[in-house]
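Coordinate analysis (summary)
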Amino acid sequence: MDVQEVDRLTEAALAEIGAAQDLSVAEALRVKYIGRNGLLPELMKQMKDAMDKRAMGQALNRFKVSVTDALVEKKAQLEAAAKTIQADAFDWSLPGRWAPRGRLHPVTQLIERVCALFRRMGFVVADGPDVETEYYNFDALNTPADHVSRDMQDTFYLPGGLLLRTQTSAVQARYMQAHPPPVRIVCPGRCYRRDTTDATHSANFHQIEGLYVDERVSLADLKSDLDHFAGELMGSGVKTRFRTHFFPFTEPSVEVDFSCHMCGGRGCRVCKHSGWIEIMGAGMVDPNVFKAVGYDPEKVTGYAFGMGIERLAMILFGIDDIRRLYENDARYLAQF
Ligand code: DAH
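These lines cover the structure that appears in this document, whether it is placed above or below. (Residues numbered from 1 in each chain as written. Predicted model: local features only at pLDDT ≥ 70, side-chain atom pairs only at ≥ 80, totals over all residues. Heavy atoms only, no water.)

Another point: the packing of aromatic side chains. For the structure on display, the rule yields 14 aromatic pairs. Between Tyr-33 and Phe-63, the ring centres sit 6.2 Å apart and the planes meet at 65°, which makes this aromatic pair edge-to-face. Within this pair, whereas Tyr-33 is found in helix 2 (residues 23–34), its partner Phe-63 is found in helix 4 (residues 53–88), the two being separated by 30 residues in sequence. One exposure class covers both Tyr-33 and Phe-63, and it is buried. Measuring from centroid to centroid gives 5.1 Å for Phe-118 and Phe-123, while their planes differ by 70°, and the two rings are edge-to-face. (Phe/Tyr/Trp six-rings, centres within 6.5 Å; stacked < 30°, edge-to-face > 60°. Helix = DSSP H or I, 4+ residues; strand = E, 2+ residues; numbered from the N terminus. Buried < 20%, exposed > 50% of the residue type's maximum accessible area, 1.4 Å probe, protein only.)

Take a look at the structure:
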């Protein structure tokens, strides 16, 4: 072994290090050349046999320094390259990360559906305040001062003759007072009653009111429009049934049942084996209501209806307890 040979080995090692393409190769070369059992310690052992120990020592030092430097540089280079590859890399096969997707509350969904349905029938959507006067919620709707629904037990009263509206019917009177006939409106909104919460009652719930006033509007219009509504909402084949009832603001008044959409009217758990489900109250607008809002009952007639949205949601979506709609359990609500 002489100095030239050491220099040749140095060149060969540097060439090999220069050609290394990844970190594991560079590390293997470090072990091979300057590792504890590598070439350098081996060459050192031969120092004692060298003719010119000084020149040999220098040659071995050149080997050590240049190989070490080359390895340090190579590793730094490969590490930097690996980083840029990582940053640029896009693995198209990786499964995506799902962002939770928001959706409309079932009550909102239904309000939108019902409103859209009536819009197609020529109705417009009207709005009124949650905090109402006794006048619009009761008096204008032909509801006498001694009517049960005006009881403190039923209604949330506020100071100054105000209350939280108990029914969206209050919007009827407001709207008619502000608009001359003809009128065709639906009014969705919150209502409030002093009800103790249970599976089917809530002190705060939603209704949709409908009102159609024009010359010669008849009970037949109410029936045919609600028949159409029933079919559109619950599926064709769903029939309606009108039972006489009493509401202060309509005469005659009816309660409207839809044939059960679950069993087709044969009787099941949803319709409590009757084949019918009560959906809403309705009737022909009482002449006293027209008088209260300044319409001439000799000239116009009209029909009105009102239904509870939560109730409708429970029937349509098969929800067994109204409280589930208000517990804000997104996992539950996301089903609808
Ligand atoms: N407001 C009534 C209620 O809350 C529902 C209702 C019945 C509305 C008959 C109407 C109607 O417009 O004509 O029970």
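On to the side chain of Lys-74, then. Along the chain, Lys-74 falls in helix 4. In this structure Lys-74 is buried but unpaired, with Glu-73 as the nearest side chain of opposite charge at 8.2 Å. Discounting residues that sit within four places of it in the chain, Lys-74 has contacts with Ile-17, Gly-18, Ala-20 and Ala-26. (Lys, Arg positive; Asp, Glu negative; His and termini not counted. Salt bridge = Lys/Arg side-chain N within 4 Å of Asp/Glu carboxyl O. Contact = heavy atoms within 4.5 Å.)

Now for the site of the ligand. Taken together, 15 residues lie near the ligand, and Gln-167, Ser-169, Arg-193, Gln-207 and Glu-209 sit nearest. Within the contact set of the ligand, an oxygen atom lies 2.7 Å away from a side-chain nitrogen or oxygen of Arg-193. If the ligand stood free it would expose 350 Å²; the protein chains cover 89% of that surface. (Near = heavy atom within 4 Å. Polar contact = N/O pair within 3.5 Å; in protein donor to acceptor, adjacent residues only side chain to side chain. Areas by Shrake-Rupley, 256 points an atom, 1.4 Å probe, with all protein chains shown as cover.)

Before going further, it helps to spend a moment on unusual backbone geometry. Following Pro-181, the chain continues to Pro-182 via a peptide bond in cis, the omega torsion being 5°. Structurally, the position occupied by Pro-182 is in the loop between helix 7 (169–178) and strand 5 (183–192). Going from Glu-251 to Pro-252, the amide bond is cis rather than trans, its omega being 0°. Positive phi, close to 55°, is recorded for Asn-328, a residue that is not glycine. Along the chain, Asn-328 falls in the loop between helix 10 (309–317) and helix 11 (330–333). Asn-328 gets classed as exposed once you look at its relative accessible area, which sits at 62%.

Time to look at the sheet that holds strand 3 (residues 157–158). Across the sheet, which stays open at both edges, the 3 strands sit in the order 2-4-3 with antiparallel pairing between neighbours. The strands lining the two open edges of the sheet, one partner per strand, are strand 2 (131–133) and strand 3. (Pairing = 2+ DSSP bridges.)

Okay, the pairing of strand 9 (residues 276–285) next. Across the 10 residues that make up strand 9, a large majority, 8, are buried. Of the pairings in the sheet, the one linking strand 8 (residues 250–259) to strand 9 comprises 8 bridges and is antiparallel in character. Along strand 9, the bridge assignment pairs Phe-258 with Ile-277. Examined bridge by bridge, strand 9 and strand 10 (residues 301–308) share 5 bridges and lie antiparallel to one another. Directly across from Ala-282, in strand 10, lies its bridge partner Phe-305.

The 7 strands lie next to each other as 1-5-6-10-9-8-7, forming an open sheet whose pairing is mixed. Two strands close off the open sheet at either side, each with one partner strand: strand 1 (124–125) and strand 7 (240–247). Here strand 1 runs beside strand 5; their pairing, made up of 2 bridges, is parallel. Among the inter-strand pairings, Val-124 is bridged to a residue of strand 5, identified as Ile-185. Running over the sheet, helix 5 (residues 106–120) touches strand 1, strand 5, strand 6 (204–214) and strand 10 and is turned about 5° from strand 6. Lying on the sheet, helix 8 (residues 219–234) is in contact with strand 6, strand 7, strand 8, strand 9 and strand 10; it crosses strand 10 at an angle near 30°. (Axes fitted to C-alpha atoms, helices over the stretch in contact; angles between N-to-C directions.)

Let us now look at the packing of helix 5 against helix 8. Close contact between helix 5 and helix 8 brings their axes to 11 Å; oriented N to C, the two are set at 135°. Our classification of the angle between helix 5 and helix 8 gives oblique. Judged by the twist between their axes, the crossing of helix 5 over helix 8 is right-handed. Counting all contacts with helix 5, which are made through Leu-110, Arg-113, Val-114, Leu-117, Phe-118 and Arg-120, the residues of helix 8 involved are Phe-229, Glu-232 and Leu-233. Broken down by class, the residue content of the contact of helix 5 with helix 8 amounts to 6 nonpolar, no polar and 3 charged. (Parallel < 35°, antiparallel > 145°, perpendicular 65-115°, else oblique. Left-handed = near helix turned anticlockwise from the far one by under 90°. Nonpolar A, V, L, I, M, F, W, Y, C, P; charged D, E, K, R; others polar.)

What follows concerns the pattern of salt bridges. What the rule picks out here adds up to 16 salt bridges. Note that Lys-75 and Glu-27 form a salt bridge whose closest N and O atoms lie 2.7 Å from each other. Here Lys-75 is found in helix 4, whereas its partner Glu-27 is found in helix 2, with 48 residues between them in sequence. With relative accessibility at 22%, the residue Lys-75 sits in the partly exposed group.

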